[in-house]
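# Chains, contacts and geometry: an overview
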Amino acid sequence: WMLVLKLAAAVVLCSLFLVLLFQGDEVVKWSDIQFLVFRNIRHFNYDLAVAFFFAGTLCALCSQFPAKDLGFLVLFVLLGFVSFFTEGRGQILSVFCFLALLVMLVRKAEYKTVYMVLAGLLLGFSIMAVLYPEAAAGLFRRSADEGADRISSGRLTMWSRSLDYWWAGGDNIKQIIIGLGPDGFVRSRLYHGAVQPHNSIVQALMEFGILGVGLLLYLVWNLLRLTWRAAYVLRAEKSEVVWLSCALLSLFFYSLFDGILYHGHALLI
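Residues numbered from 1 in each chain as written. Predicted model: local features only at pLDDT ≥ 70, side-chain atom pairs only at ≥ 80, totals over all residues. Heavy atoms only, no water.

## Topic: the side chain of Ser188
To be explicit about the condition: Each helix corresponds to a stretch of at least 4 residues labelled H or I by DSSP, and each strand to a stretch of at least 2 residues labelled E; elements are numbered beginning at the N terminus. In what follows, a contact means two residues having at least one pair of non-hydrogen atoms within 4.5 Å.
Position of Ser188 relative to the elements: it lies in helix H10 (residues 184-188). Ignoring sequence-local partners within four residues, the contact set of Ser188 consists of Tyr165 and Met206.

Quick look at the structure:
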């Protein structure tokens, strides 16, 4: 029921977004919409990513309902359309990571759901490209720009400057080991208006040093170990464990490009 409620909330948000989208004749990309639910459109992408993960999990678990396939496919198309229109590249990459993990870990009998998620994602993009070609062109333009830093929207420079600040020439051993403390990135004032470096490992290094990164990677390693056990020891009876584990791993992958482990909204998810 928790999955159902979270997914229902995402559907309501997507519906509101579509209403605002189709109300304006001058809308050619997401920035033309006054979507007042979130301070930043990328927070909406957190919801969209989790909606993909939860919808896929529910689809796999509801195999006893033969009529549900069309409904889920329509849902995946909706999520795919809004995801590509909002240009949430980190979120889209996390969905592909989710699909790749599923192919490696779930039973072949559940591949049908994996293919359905992929088909919905691609159909959603195709519809978006036909209805809003300028938005699709802008997405490709951002992803094929000159230079890796421009493609990453300046993230590479942000990560490099953040790591240089944390390392401090290797002279401040205390800062290297335990970091600058909570909100260390904000207090460093390296980037005006940015509250996190868009990478969970860089953030952990700056705020909690080598010890913090060690704890973070230990948690991820534990999750990997338990996911492998769920996939190959319990797979006959605990399929949902594998699906939700893949979702958590995909959210960690997402956190390597965005502020998943920083904002309260994402942590609440």
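Moving on, there is more to tell.
## Description of the state of the cysteines
Quick note on the threshold: We call a pair of cysteine sulfur atoms a disulfide whenever their separation is within 2.5 Å. Here the term buried applies to any residue with accessible area under 20% of the maximum for its type, exposed to any over 50%, and partly exposed to those in between, with areas from a 1.4 Å probe on protein chains only.
Inspection of the entire model under this criterion finds zero disulfides. Of all cysteine sulfurs in the structure, the one in Cys59 sits closest to Cys14, which takes part in no disulfide; the separation is 17 Å. Classification of Cys14 as buried rests on a relative accessible area of 0%. For the unlinked cysteine Cys59, the closest cysteine sulfur is that of Cys62, found at 7.5 Å. Residue Cys59 is classed as buried on the basis of its relative accessible area, which comes to 1%.

## Digging into the pattern of salt bridges
Once their charged atoms are close, side chains differing in charge can pair, the charge on each being opposite to the other. Condition: Just to be clear on terms, a salt bridge is a Lys or Arg side-chain nitrogen sitting within 4 Å of an Asp or Glu carboxyl oxygen.
Scanning the model with the defined rule gives three salt bridges in all. With a closest N to O distance of 2.7 Å, Lys112 and Asp69 form a salt bridge. One end of the pair, Lys112, is in helix H5 (residues 111-131); the other, Asp69, is in helix H3 (residues 68-85), with 43 residues separating them in the sequence. Arg107 is the partner of Glu110 in a salt bridge, and the nearest nitrogen-oxygen pair spans 3.4 Å.

## Things to note about helix H2 (residues 41-61)
In plain terms, the rule: In this scheme, a helix's expected span is set at 1.5 Å multiplied by one less than its residue total. Under this definition, polar contacts are N or O atom pairs within 3.5 Å; protein pairs additionally need one hydrogen-donor-capable and one acceptor-capable atom, and for neighbouring residues in sequence, both atoms have to be side-chain atoms.
Here H2 is 21 residues long and its end C-alpha atoms lie 31 Å apart, about the 30 Å a rise of 1.5 Å per residue gives. Counting buried positions over the 21 residues of H2 gives 20, a clear majority of the element. The N-cap residue of H2 is Asn40: its side-chain oxygen and the backbone nitrogen of Arg42 are 2.8 Å apart.

## Examining the layout of surface pockets
Stated formally: Cavity: a set of points on a 1 Å grid over the protein atoms alone where a 1.4 Å probe fits but cannot get out. Pocket: an open set with protein on both sides within 12 Å along at least five of seven lines, its lining residues, like those of a cavity, having an atom within 4 Å of a point. Grid points are joined across faces, edges and corners, and a volume is the space filled by probe spheres set on the points. Following the grouping adopted for this structure description, the nonpolar residues are Ala, Val, Leu, Ile, Met, Phe, Trp, Tyr, Cys and Pro, the charged ones are Asp, Glu, Lys and Arg, and the polar ones are all others, Gly among them.
Considering only enclosed or pocket space, the largest pocket measures out at about 710 Å³ in volume. Around the largest pocket, the lining comprises 37 residues; the ones closest to its centre are Arg42, Arg89, Gly90, Arg142 and Arg155. Broken down by element, the residue count for the lining of the largest pocket peaks at six residues, all from helix H4 (residues 89-105). Across the lining of the largest pocket, the residue classes break down as 17 nonpolar, 13 polar and seven charged.

## Focus: the packing of aromatic side chains
Condition: Each Phe, Tyr or Trp ring (for Trp, its six-membered ring) is paired with any other whose centre lies within 6.5 Å, and the angle between the two planes then decides the class: stacked below 30 degrees, edge-to-face above 60, tilted in between. Each ring is checked for a lysine NZ or an arginine CZ that lies within 6 Å of its centre and within 35 degrees of its normal; such an atom marks a charge sitting over the ring.
One pass over the structure, following the stated rule, counts 20 aromatic pairs. Aromatic side chains Phe17 and Phe35 sit 5.3 Å apart centroid to centroid with 85° between the ring planes, which places their arrangement in the edge-to-face category. Note that Phe17 is positioned in helix H1 (residues 2-23) and Phe35 in the loop between H1 and H2, a separation of 18 residues in sequence. Using a relative accessible area of 9% as the deciding quantity, one classes Phe35 as buried. The lysine or arginine in question, Arg42, covers the ring of Trp30, its NZ or CZ lying 5.4 Å from the ring centre. Arg161 extends its terminal NZ or CZ atom over the ring of Tyr191, reaching a point 4.8 Å from the ring centre.

## Section: a nonpolar patch on the surface
The condition is simple: Residues qualify for a patch when their relative accessible area is over 30% and they have no salt bridge, like charges being joined within 9 Å and the nonpolar side chains of Val, Leu, Ile, Met, Phe, Trp and Tyr within 5 Å. To measure how exposed things are, a 1.4 Å probe is used in the Shrake-Rupley method; for residues, cover is taken only from the protein chains shown.
There is a patch of nonpolar side chains on the surface, built from Leu215, Tyr218, Leu219, Trp221 and Leu224 and spanning about 560 Å² of accessible area. As for its position among the elements, Leu215 is in helix H11 (residues 200-232).

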